[in-house]
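# Coordinate analysis (summary)
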Amino acid sequence: MLIHLSSWPEIDARLKDTKTVIVPIGSNEQHGPTGLLGTDWMCPEIIAHAAEKTDDSLIVAPTFNIGMAQHHLAFAGTISLRPSTFMAAITDWVSSLSRHGFERIYFLNGHGGNVATIEATFSEIYAEWSFVEEQPPMVLKLRNWWDLPGVTGLCNRLFPTGHGSHATPSEIAVTQAAYPDRIKTADYSPKIAPSGPIRDALDYRARFPDGRIGSDPAQASPAKGQEIIDLAAAALIRDVAEFSAEVRP
Ligand code: NI
């Protein structure tokens, strides 16, 4: 069940059986000369929606599509939150969902730059709950889609060289499978992009002139993307089932 395509009575009824909700979360930021700006929120959304199609007991929230992208702001089309705004927004999403009876909130993340701030937000939220004697029966979880069991192994087999860490062939392939009419091409130079540290926007643009880090996205194809989606969606279904079955001590 997708929340944005449901009515409130439908969600109300489903909350009697299911207390878990998946929130795809990512970022809108440059992904090299051919990658879609939405890549980091589209990948978790594509995987979560594929899982929901297979297993309609899953409830998927609207995608949280803007994150921590300050280092990409020297590239057009990037939209970023500052850490404090991002934390406040995640907290309000959690409060809204828990208000209705969701007790387990599973964030499926598509952007490495979000991880530290999401974890810090969880710490803030848990602290708020711990300060009162009557705590809500809530559990939060963060999972990067590439950390779903088996996914990194598959990506390494599909792309043994030039995977890199930004505008990777695996994330580009996932978007190509879902949006085949939006595939773009370019002559990459160099073929495999440079690697290095991530700092501020101007430093990033100087180090990584076309936006890629360590990657060769020309290796991406819709077929490889579909293989990743199928494996990740199946792994997500198992991971969410385990999360839902975890007993709170
Ligand atoms: Ni990305």
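This section reports on the structure supplied with the text. These figures come from a predicted structure and were not determined experimentally. (Residues numbered from 1 in each chain as written. Predicted model: local features only at pLDDT ≥ 70, side-chain atom pairs only at ≥ 80, totals over all residues. Heavy atoms only, no water.)

## Quick notes on the coordination of the nickel ion
Each pair of donors in an ideal octahedron of six around a metal sits at 90 or 180 degrees, and each pair in an ideal tetrahedron of four sits at 109.5 degrees. Put simply, the rule is: Only nitrogen, oxygen and sulfur atoms qualify as donors, and only when within 2.8 Å of the metal (3.2 Å in the case of Na, K and Ca); with water excluded, sites may look incomplete. Each helix corresponds to a stretch of at least 4 residues labelled H or I by DSSP, and each strand to a stretch of at least 2 residues labelled E; elements are numbered beginning at the N terminus. Only protein chains enter the accessibility calculation, which uses a 1.4 Å probe; a residue is then buried when its area is under 20% of its type maximum, exposed when over 50%, and partly exposed in between.
Every protein donor of the nickel ion is listed here as His-31 (NE2), Asp-40 (OD) and Glu-171 (OE), and their distances to the metal cover 1.9 to 2.1 Å. Donor residues for the nickel ion sit on one chain with the sequence pattern H-x8-D-x130-E. With His-31 in the loop between strand E1 (20-25) and helix H2 (39-54) and Glu-171 in helix H6 (residues 169-178), the pair connects residues that are 140 residues apart, well separated along the chain. Residue classification places His-31 among the buried residues on the basis of a relative accessible area of 1%.

## So, the side chain of Asn-114
Here is the rule we go by: Two residues qualify as a contact provided that any one of their heavy atoms is within 4.5 Å of a heavy atom in the partner residue.
With respect to the element layout, Asn-114 can be found in the loop between strand E2 (104-109) and helix H4 (115-130). Not counting chain neighbours up to four residues away, the residues in contact with Asn-114 comprise Ile-25, Gly-26, Gly-67, Met-68, Phe-86 and Asn-109.

## Description of the sheet that holds strand E3 (residues 139-144)
Just so we agree on the cut-off: Paired strands, in this sense, are two strands between which DSSP finds at least two bridges. Fitting a line to C-alpha atoms yields each axis, with helices limited to the stretch in contact; the angle taken between N-to-C directions then spans 0 to 180 degrees.
One open sheet holds the three strands; their spatial order is E1-E2-E3, and the pairing between them is parallel. The sheet is open, and its two edges are formed by E1 and E3, each paired on a single side. The sheet shows a mean angle of 20° between the axes of neighbouring strands, direction not considered. The pairing of E1 with E2 spans six bridges and is classified as parallel. Among the inter-strand pairings, Val-21 is bridged to a residue of E2, identified as Ile-105. Sheet strands in contact with H2 are E1 and E2, and its direction is about 150° off that of E1.

## Let's talk about the nonpolar core
Inclusion rule: As used in this record, nonpolar core signifies buried Ala, Val, Leu, Ile, Met, Phe, Trp, Tyr and Cys residues forming a set joined through side-chain atoms within 4.5 Å.
Ile-22, Tyr-106, Leu-108, Trp-145, Leu-148, Ile-228 and Leu-236 are the most contacted members of the largest nonpolar core, which has 36 residues in total. Of all the elements in the fold, those that place two or more residues in this core are H2, E2, helix H5 (151-158), H6 and helix H8 (222-245). The element contributing the most residues to this core is H8, with nine residues. Among residues more than four places away in sequence, those in contact with Leu-108 are Ile-22, Val-23, Pro-24, Ile-25, Pro-44, Ile-47, Ala-48, Arg-143, Asn-144, Trp-145, Leu-148 and Leu-236. Within the second largest apolar cluster, 24 residues are counted, among which are Ile-90, Val-94, Ile-125 and Met-138.

## Considerations on the packing of aromatic side chains
In plain terms, the rule: Aromatic contacts are taken between Phe, Tyr and Trp rings whose centres are within 6.5 Å, Trp giving its six-membered ring; a plane angle under 30 degrees counts as stacked, one over 60 as edge-to-face, and the others as tilted.
Considering all chains together, one arrives at eight aromatic pairs under this definition. Taken together, a centroid distance of 4.8 Å and an interplanar angle of 35° make the contact between Phe-64 and Trp-93 tilted. Taken together, the positions of Phe-64 in the loop between H2 and helix H3 (83-99) and Trp-93 in helix H3 put the pair 29 residues apart, joining distant regions of the chain. On the accessibility criterion, Trp-93 (27% relative accessible area) is partly exposed.

## Some remarks on the pattern of salt bridges
As a reminder of what qualifies: By definition here, a salt bridge exists when the distance from a side-chain nitrogen of Lys or Arg to a carboxyl oxygen of Asp or Glu is within 4 Å.
Taken as a whole, this structure holds four salt bridges when the rule is applied. For the salt bridge of Lys-191 with Asp-216, the shortest nitrogen-to-oxygen distance reads 2.9 Å. Residue Lys-191 is located in the loop between H6 and helix H7 (201-207), and its partner Asp-216 is located in the loop between H7 and H8; the two are separated by 25 residues in the primary sequence. Note that Asp-203 and Arg-207 form a salt bridge whose closest N and O atoms lie 2.7 Å from each other. With Asp-203 and Arg-207 both in helix H7 and four residues apart, the pair spans about one turn of that helix. Take Arg-207: its relative accessible area is 31%, and that puts it in the partly exposed class.

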